Amino acid sequence: MNAAEPLVRPFRPDQDMDAVLDIWVRASEQAHAFVPPGFWRARLTEMRDRYLPLAEVRVAIWPDVAGFAAVVEDHLAALFVDPERQGRGLGRLLVEDARQGRAELSLSVYESNTAARAFYERLGFVPQCRIRDGLTGRPEWTMLWRRGDRPCRDNPASGSANGGRRATKGVSAGRWSE
């Protein structure tokens, strides 16, 4: 592999934890301006001690930790890329990696985070239902990707497949904020 190409590898807590937490806070603050200042920083310990250990975490390396994805069962609980390196294909690379070996993958994304919602729709995720996040009180969409699905244009909420009528599997992870 060319040294300039990003790669995805398993998270190494002893080496990657500080970088992952830094990316999580900075990207959360950037993408979620509608959440009060300090909200994400106040949850660093919980992220480190509770959520990351529950998940299969993989990091994008380019040339150091540039982003991460955390998956619990078939739920993409977190996807964050260093704000300075967004728009370079790292998020797509992490989603493609998370899809490996799975027939479907769900996620939750804040309704106000229109850039992330559009990104996920471009990758074939389909809005399923709109709910209120218990942690922030903000509306969010549950979205689902299924292997082999092809988007169509009959969903008035997104222009995506099947009118958003498919149900998702239950999710056992807490709210991580996409």
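Residues numbered from 1 in each chain as written. Predicted model: local features only at pLDDT ≥ 70, side-chain atom pairs only at ≥ 80, totals over all residues. Heavy atoms only, no water.

**Looking at the side chain of Asp-82**
Move 1: Here Asp-82 is to be found in the loop between β4 (75-81) and α3 (90-99).
Move 2: When residues no more than four places from it in sequence are discounted, the contact partners of Asp-82 are Ile-23, Arg-26, Ala-66 and Gly-67. (Helix = DSSP H or I, 4+ residues; strand = E, 2+ residues; numbered from the N terminus. Contact = heavy atoms within 4.5 Å.)

**So, the environment of Ala-60**
Move 1: Tracing the sequence through the fold places Ala-60 in strand β2 (residues 56-61).
Move 2: As for Ala-60 and Val-8, which are separated by 52 residues in sequence, their C-alpha atoms are 4.5 Å apart.

**Digging into the environment of Ala-19**
Move 1: Looking at where Ala-19 falls in the secondary structure, it is placed in helix α1 (residues 13-31).
Move 2: For Ala-19, a relative accessible area of 27% translates into the label partly exposed.
Move 3: C-alpha of Ala-19 to C-alpha of Asp-64: the two residues are 45 residues apart in sequence and 8.9 Å apart in space. (Buried < 20%, exposed > 50% of the residue type's maximum accessible area, 1.4 Å probe, protein only.)

**Examining empty space enclosed by the protein**
Move 1: Summed over all chains, the structure comprises one cavity of 30 Å³ or more.
Move 2: Put simply, the largest cavity is a space of about 50 Å³.
Move 3: Taken together, Glu-56, Arg-58, Ala-69, Val-71, Leu-94, Asp-97, Ala-98 and Arg-102 make up the full set of residues lining the largest cavity.
Move 4: Residue assignment for the lining of the largest cavity shows that the elements contributing at least two residues are β2, β3 (65-72) and α3.
Move 5: Split into classes, the residues belonging to the lining of the largest cavity amount to four nonpolar, no polar and four charged. (1 Å grid on protein atoms, 1.4 Å probe; cavity = no way out; pocket = protein on both sides within 12 Å on 5 of 7 lines; lining within 4 Å. Points joined across faces, edges and corners; volume = space filled by probe spheres on them. Nonpolar A, V, L, I, M, F, W, Y, C, P; charged D, E, K, R; others polar.)

**Some remarks on helix α2 (residues 44-54)**
Move 1: Among all positions of α2, only Met-47, Tyr-51 and Leu-52 are buried. Buried positions in α2, seen along its axis, are confined to an arc of 90° and lie on one side of it.
Move 2: On its buried face, α2 is in contact with α1, β2 and β3. (Arc of directions from axis to C-beta.)

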